[in-house]
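A look at the structure
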Amino acid sequence: MAVWDLSVTVEDLGADAPPLTLSVTSDLHIGGVILKLVEKMQMQRDWSDHALWWEQKQQWLLRTSWTLEKCGIHADARLLFMTQHKPLRLGLPNGATLRLRACFSSPVFHTIMGICQVLNIRHPEELSLLRPVEEKKKKKDKNSVEEIYDLTEVPLTSVSRPCLYNGMPAHFADSPQTEAVYKMLSISLPPPNPEAVAKLYRPASVVDKAHINSRWLDSSRSLMQQGVQENDRLWLRFKYFAFYDMEPKYDAVRLTQLYEQARWAVLLEDIDCTEEEMMLFGALQYHISKVSQSEPQTLSSSAAMEDLESALLSLEVKMEGDSSSASEMLENMTAPELSDYLKLFRPKRLTLKGYKQYWFKFQDTSISYFKSKEESIGEPIQQINLKGCEVAPDVNVTGQKFLIRLLIPAPEGMNEVYLRCENEQQYAQWMAACRLASKGKSLADSTFQNEIQSIRSFLAMQKTNSGSHGNAPATDDSINTHSLVSPRYHKKYKAKQLTPRILEAYQNLAQLSLTDALMRFLQIWQALPDFGMSYVVVRFKGSRKDEVLGIAPNRLIRIDLGVGDVVKTWRYNNMRQWNVNWDIRQVAIEFDGNVNIAFSCVTADCKIVHEFIGGYIFMSTRSRDKSDTLNEELFHKLTGGHEAL
């Protein structure tokens, strides 16, 4: 075999060092090249994290058994020998910046798994990395130095659930510095000052919201392949709004960072909410920051107790599984009945008529309605099956408005129906019944009463305690109301007008523990109509104008930009298949009932849309009975492009 020269630049020798030249033959494997390189350098050190990067092809040569010929490498190849793990600056959901070592050679999905292991965040599949929005103001660089929390010295662990020490993972307990980092990760930061919020970028329209989704990194390619350099800044965010198995005891960091992301979404008006909900969010933030600053966070409990608890939990799951058939028999025997007069309204019909009163009857997972109670013996006007439908609340307690919005799947999209209840009692029962029915459960289900209870407590929080003003702190100097609500309300109200309203809402939740308050904040956020929507500007096949595609955990929606309204809704569980034509960058989806849609993406790459859809399908495959290990291969099959095949 002919011998030829291959030049390799070694990162560790410095930027100005000339490349090293090796004499090689085409049948030499990559491992042999690395061996020759190390022998030639004669530097005593650990080279195990080093690998070769092929600059022209923008790819890592990680298969050390492949020969140069098989890789297609010739004498003109520019190779770099460098570490696979490099420092990265991570912007966290709470606004803090963290410096840690991340893997630049494996697919981003795997890199995130490594990052989440260090930060002690379970279910890393829900998060991803994106490029930050450019900062416009560069004037005040002289005096403000960004504080960076450093974790580059922390070794990358390979344990899935790290051992806890004093309630935190052992690798954080090494020094006071790392303990401070864990505290920053697991305890919510105090509310930001209003000036800082006002300076931050706020999306003004759905199109603005769509631009952020063009910044997600590709999960199936490495950081290096996507042009990310050492010490670059990226954001770590929750990308898929399907939060699985939230366990406050193990998920201190995950819960806090998710709360921070939700809080910023509310403050920066990324998600719309009513004024009443904003006051409630403000009160919860005030309570959370008050509690987390006053009480020391003791997360620790003895290891033996934890083992016992997890053993009991798995036993409970097994027992539940065995007794299901018996409980089903009991269910069918004693199903409670629910029937009452409610008002009905269909917004899509082109009529000016408002709500009409009918007699409603709930059976299994369906609602039937009749003209009156007397006629309920005969045939109903219509029977609506709620299985698989969407249920959204539209409530204003002070205004005595109790609406249940139902989106019912139909072949051509979704039909919208509003039910109006008279009072809280009626609303709590019917809302609970609708929620269970949408999951395919009947009224006999054991969770029915719990559901009613949680809806009632939710309504109680929105009530204003007009009678208890006497003992309410009329003003609290420590409360900076403008940092608890979005800038729109800074303009609308003065701080002294907001304070009593937030304190009024606060009285209903002053007794909540920190964990309960965080969970309650997330519950209210998840109940907002636009929750979990990621927008992309697309152009549908055959259309001449840009429209917006909203991608949610369970459906796709089409928004007409002219009107700003949802024109169509398609659900994933009616989806037969989706394909991407990578040459013309077009996504085509086929649904049941011969419904086909196709679109090209305007603001984001079609790989991002493909990954969102595949990612949500992947999230829906997770279940308790499967093992805790993450099926990385399935994720790449569902989200990878043609490179993955």
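Up top you'll find the structure we're talking about.
Just so you know, these numbers come straight off a predicted model, no measurement behind them. (Residues numbered from 1 in each chain as written. Predicted model: local features only at pLDDT ≥ 70, side-chain atom pairs only at ≥ 80, totals over all residues. Heavy atoms only, no water.)

1. What about the sheet that holds strand β12 (residues 233-238)?
Strand pairing in a sheet is mediated by backbone hydrogen bonds. Such pairs are either parallel or antiparallel. As summarised here, the arrangement of the five strands in space is β8-β12-β6-β7-β9, forming an open sheet in which the pairing is mixed. Two strands in the sheet have a free side with no partner beyond their single neighbour: β8 (127-130) and β9 (148-150). Strand after strand, the sheet turns through a mean of 40° between neighbouring axes, direction not considered. Pairing of strand β6 (residues 85-91) with β12 involves three bridges; the strand directions are parallel. Residue pairing across strands places Leu90 opposite Leu234, the latter belonging to β12. (Pairing = 2+ DSSP bridges. Helix = DSSP H or I, 4+ residues; strand = E, 2+ residues; numbered from the N terminus. Axes fitted to C-alpha atoms, helices over the stretch in contact; angles between N-to-C directions.)

2. Describing helix α15 (residues 606-619)
The first and last C-alpha atoms of α15 sit 20 Å apart over 14 residues, in line with the 20 Å expected at 1.5 Å per residue. Burial of α15 is extensive: 13 of the 14 residues sit out of reach of the surface. Where α15 starts, the residue carrying a side-chain oxygen 2.8 Å from the main-chain nitrogen of Lys607 turns out to be Asp605. (Expected span 1.5 Å × (residues − 1). Buried < 20%, exposed > 50% of the residue type's maximum accessible area, 1.4 Å probe, protein only. Polar contact = N/O pair within 3.5 Å; in protein donor to acceptor, adjacent residues only side chain to side chain.)

3. A few points about the state of the cysteines
Under the counting rule described, the total for this entry stands at zero disulfides. Here Cys421 stays unpaired: no disulfide links it, and the sulfur of Cys434, its closest cysteine neighbor, is 8.0 Å away. Of all cysteine sulfurs, the one in Cys606 lies closest to Cys601, which takes part in no disulfide; the gap is 5.5 Å. (Disulfide = S-S within 2.5 Å.)

4. Topic: helix α11 (residues 448-462)
Each α-helix winds once per 3.6 residues, and so residues spaced three or four apart point in a common direction. Here α11 spans 22 Å end to end across 15 residues, near enough to the 21 Å set by a 1.5 Å rise per residue. Within α11, burial applies to Phe448, Glu451, Ile452, Ile455, Leu459, Met461 and Gln462. In this fold, the buried residues of α11 make contact with α8 (275-294), β17 (390-396), β18 (401-410), α10 (424-438), α13 (495-507) and α14 (514-526). (Contact = heavy atoms within 4.5 Å.)

5. A short note on the pairing of strand β23 (residues 565-571)
Of the strand pairs in this sheet, strand β22 (residues 555-560) and β23 are connected by six bridges, and their pairing is antiparallel. Pairing of Leu556 across the sheet is with Trp570, part of β23. Between β22 and β23, which follow one another and run antiparallel, lie four residues, and Gly564 among them has a positive phi close to 80°.

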